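# Report on the structure
Residues per chain are reported as follows:
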Amino acid sequence: MIKKILVGILILTISITYAQEGTSSPYSFYGIGLQKFKGTVENMSMGGLSVYADSVHLNLQNPASYGELRLTTYTVGASYSNFKLNNATESSSGENASLDYLAIGIPAGKFGFGFGVVPTTSVGYNLNSIVEDQSELQFTGTGGLNKVFLAAGVKVNKNLSIGLDLNYNFGNIENKTILRRSGVQFDTREITSSDLSAFSLSFGVMYKTMLSEKLELSASVVSTPSFELTSEGVRELATIVVGSSGQEVVIERQEEQIENKEIDLPAEFKIGTGIGSPREWFVGAEYAYVDAGKFDNVVATQDNVEYTNGSKFKLGGFYIPKYNSLTNYFSRVVYRVGIRYEETGLTIDNHSIDEFGISFGVGLPVGRLFSNANIGFEYGQRGTDSFGLVREDFFNVSLSLSLNDKWFRKIKFN
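This one's a predicted model, so the numbers in the text were calculated from it and none came from an experiment.

Let us now look at the overall build of the protein. Within the protein, the secondary structure is distributed over two helices and 18 strands. For 414 residues, the compact-globule formula gives about 22 Å, and the C-alpha radius of gyration of the protein, at 23 Å, lands near that figure. Within the span of the protein, comprising 414 residues, buried residues form 47% of the whole. For the protein, the proportion of contacts with a sequence separation of at least 24, taken over those separated by at least 6, is 64%. Accessible area for the protein stands at about 20,600 Å²; split by element, carbon and sulfur atoms hold 58% of it. Taking the average place of the 35 positive charges on the side chains of the protein and the average place of its 44 negative ones, the gap between the two points comes to 17 Å.

Right, dumping it as structure tokens:
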């Protein structure tokens, strides 16, 4: 029954990922939207750390982790975000909810396989600007980029695992601009719709070795080469009347095709290491380099916007009081904590847009085998309220289910 439910959710997810934004950030106006975290709630609760892998959880950030799996694992995650936007003179607030990922991992001896769907960027903004002649410009955007992935990992020996991710990236971004001029009867509207698609790859390596009877060293490397994202666009120009309740009545419209565009998406290289005692505790650190200097906008390039190479720094870990306790439920709970700092590579008016977050969470055992429900919390900031820019303060609550099953059992007869 659970397999049928997961397949149904996967089909539903693929159909709705075109429509969900999952953000209301003004910084999603730039490029192909705001980058979404591409890992599980378990990873997010440790500052986004991807260096750790075990035999009963999926690690969506490193395909080598599938070689570590020993049980078939289903996982689904969703999140709720409450945010506040501030500049030098004004502030506003809001909230969003989104489905973040759905995936399954299947072990087969030394090999492991996985597939699923993950939103990777999101666009969701609503901005107003008053120009010198008292005309008003309204900017809105929706959509984002998603990926369907097929991953495989193999445990080469007791210490080393390697893996490969094959991704199909797809999505749609719609940007709308309305010009309203004082004393003019009709308003002008421009809608640009861009369909995005591309294949991409990721390579992963994981290494583990026991330093002593109880102490284990882990290391991880993930490389994602640069790839070209194809954008096929349509632009609609229309004369409209905006009603008192915001409805848009079209007086006249015309549509034109936009020349296809190839967008160089940046390469990323991640390296991490950590130390811990298996099934007891773990502490790790990770660094990621993003080669974003050649990235540009999907439709147009703003004069005051540049992209530079970015970096990500992550530190986190977990603690389990006693994983096999039969008498105390809370001794089997996984307690996680982490911190991250990111230089996004987006530069506006020569000011870098940086981001940081502090996170914590718990993994609650449920059902049989090693299934669990995971709850994660993150507080963070993005941007600055100086230099005419916007600072975002956000608080995210994430929930996931990680469900285990055993396939390919050997049946014995007496």
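What follows deals with the environment of Leu 179. If you trace the backbone, Leu 179 turns up in strand β6 (residues 160–180). For the pair Leu 179 and Arg 189, spaced 10 residues apart in the sequence, the C-alpha separation amounts to 6.4 Å. Setting aside its immediate chain neighbours within four residues, Leu 179 contacts Ser 135, Glu 136, Leu 137, Asp 187 and Thr 188.

Together, Trp 281, Val 283, Leu 315, Tyr 319, Tyr 329, Phe 330, Tyr 335, Ile 339, Ile 358 and Val 366 line one region of the surface with nonpolar side chains, adding up to about 900 Å² of accessible area. Taken together, the elements giving at least two residues each to the nonpolar patch come down to β12 (281–291), β14 (310–319) and β15 (334–348). Looking at the secondary structure, you find Trp 281 in strand β12.

Attention shifts here to the packing of aromatic side chains. Here the distance between the centres and the angle between the planes together describe a pair of aromatic rings. Evaluated as defined, the whole model comprises 13 aromatic pairs. Ring geometry for Tyr 52 and Phe 282: centres 4.9 Å apart, planes at 50°, overall tilted. Of this pair, Tyr 52 sits in the loop between α2 (41–44) and β2 (72–86) while Phe 282 sits in strand β12, and the two are 230 residues apart along the sequence. We classify Tyr 52 as buried; its relative accessible area is 18%. Phe 282 sits in the buried class, given a relative accessible area of 2%.

We now examine the confidence of the model for the protein. Detailed conclusions should not be drawn from predicted coordinates in areas where pLDDT is low. Confidence along the protein averages 89 in pLDDT terms, with 91% of residues attaining 70 or more. Contacts of residues 1–20 to residues separated by more than four positions or lying in other chains number 28 contacts, the stretch itself having pLDDT below 50.

Our next topic: the pairing of β6. If a strand is regular, its side chains alternate between the two faces of the sheet. The pairing of strand β5 (residues 136–155) with β6 spans 20 bridges and is classified as antiparallel. Looking at β6, one finds that Thr 142 is bridged to Glu 174. The turn joining β5 and β6, which pair antiparallel and follow one another in sequence, is formed by four residues. In this structure, β6 lies alongside strand β7 (residues 187–210), joined through 20 bridges in antiparallel fashion. Bridging from a neighbouring strand, Lys 176 pairs with Ile 191 of β7. The hairpin turn running from β6 into β7, its antiparallel successor, is six residues long, and Gly 183 in that turn takes a positive phi close to 85°.

The next subject is the nonpolar core. Counting 22 residues, the largest nonpolar core has Tyr 27, Tyr 30, Ile 32, Leu 229, Leu 265, Leu 346 and Ile 348 as the members making the most contacts within it. Of all elements in the fold, only β4 (111–130), β5, β7, β9 (227–242), β10 (248–265), β13 (305–307) and β15 reach the threshold of two or more residues within this core. The contact partners of Leu 265, leaving out residues within four places of it in the chain, are Ile 32, Ser 226, Phe 227, Leu 229 and Phe 295.

This model, assessed by the stated rule, comprises 18 salt bridges. Salt-bridge contacts for Glu 68 lead to Lys 155; the nearest nitrogen and oxygen are separated by 3.1 Å. Taken together, the residues Glu 68 in the loop between α2 and β2 and Lys 155 in strand β5 connect sequence positions 87 residues apart. The buried category is assigned to Glu 68, whose relative accessible area is 10%. The exposure class assigned to Lys 155 is buried, which follows from its relative accessible area of 15%. Between Arg 340 and Glu 342 there is a salt bridge, with the nearest N and O atoms lying 3.0 Å from each other. The exposure classification of Arg 340 matches that of Glu 342, with both residues buried. Beyond isolated ion pairs, a larger network of salt bridges with shared partners links Arg 340, Glu 342, Glu 355, Glu 378, Arg 382 and Glu 392.

Attention now goes to the side chain of Glu 392. Relative to the helices and strands, Glu 392 is located in strand β18 (residues 391–405). Since its relative accessible area comes to 4%, Glu 392 is described here as buried. A polar atom in the side chain of Glu 392 sits 2.3 Å from the side chain of Ser 25. Reaching out from Glu 392, the side chain makes a polar contact with the side chain of Arg 382 at a distance of 2.6 Å. Not counting residues within four places of it along the chain, the set of residues in contact with Glu 392 comprises Ser 25, Pro 26, Tyr 27, Lys 84, Leu 85, Gly 380, Gln 381 and Arg 382.

Cut-off values and rules
Sequence order as written defines the numbering, with residues in each chain counted from 1. The model is predicted, so local features are restricted to residues of pLDDT at least 70 and side-chain atom pairs to those at 80 or more, both for listing and for counting; the totals for chains, interfaces and linings are taken over all residues. Side-chain measures here rest on the full set of heavy atoms in the structure, leaving out hydrogens and waters. Each helix is a run of DSSP H or I of at least 4 residues and each strand a run of E of at least 2, with the numbering of both proceeding from the N terminus. The globule rule is 2.2 Å times the number of residues to the power 0.38, and the radius of gyration it is compared with is taken over C-alpha atoms. Accessibility here uses a 1.4 Å probe with only protein chains present; expressed as a share of the type maximum, an area under 20% marks a residue as buried, one over 50% as exposed, and anything in between as partly exposed. By the convention used here, residues are in contact when the closest approach between their heavy atoms is within 4.5 Å. Computed by Shrake-Rupley with a 1.4 Å probe, the accessible areas treat only the displayed protein chains as cover when residues are assessed. In this tally, Lys and Arg are treated as positive and Asp and Glu as negative; His is ignored, and so are the chain termini. By convention, charge coordinates are those of NZ in Lys, CZ in Arg, CG in Asp, or CD in Glu. A patch consists of residues whose relative accessible area exceeds 30% and which take part in no salt bridge; residues with like charges are grouped when within 9 Å of each other, and nonpolar side chains (Val, Leu, Ile, Met, Phe, Trp, Tyr) when within 5 Å. Salt bridge, as used here: a side-chain nitrogen of Lys or Arg that lies within 4 Å of a carboxyl oxygen of Asp or Glu. Note on ring pairs: Phe, Tyr and Trp rings are taken, using the six-membered ring of Trp, and paired if centres are within 6.5 Å. Classes follow the plane angle, with under 30 degrees stacked, over 60 edge-to-face and the rest tilted. Along the chain, pLDDT gives the predictor's confidence residue by residue, from 0 to 100. Two strands form a pair only when DSSP identifies at least two bridges running between them. Buried residues of nine kinds, namely Ala, Val, Leu, Ile, Met, Phe, Trp, Tyr and Cys, make up a nonpolar core once their side-chain atoms join them within 4.5 Å. Residues adjacent in sequence count toward polar contacts only when both atoms are side-chain atoms; beyond that, a polar contact is any pair of N or O atoms within 3.5 Å, and within protein one must be able to donate a hydrogen and the other to accept it.

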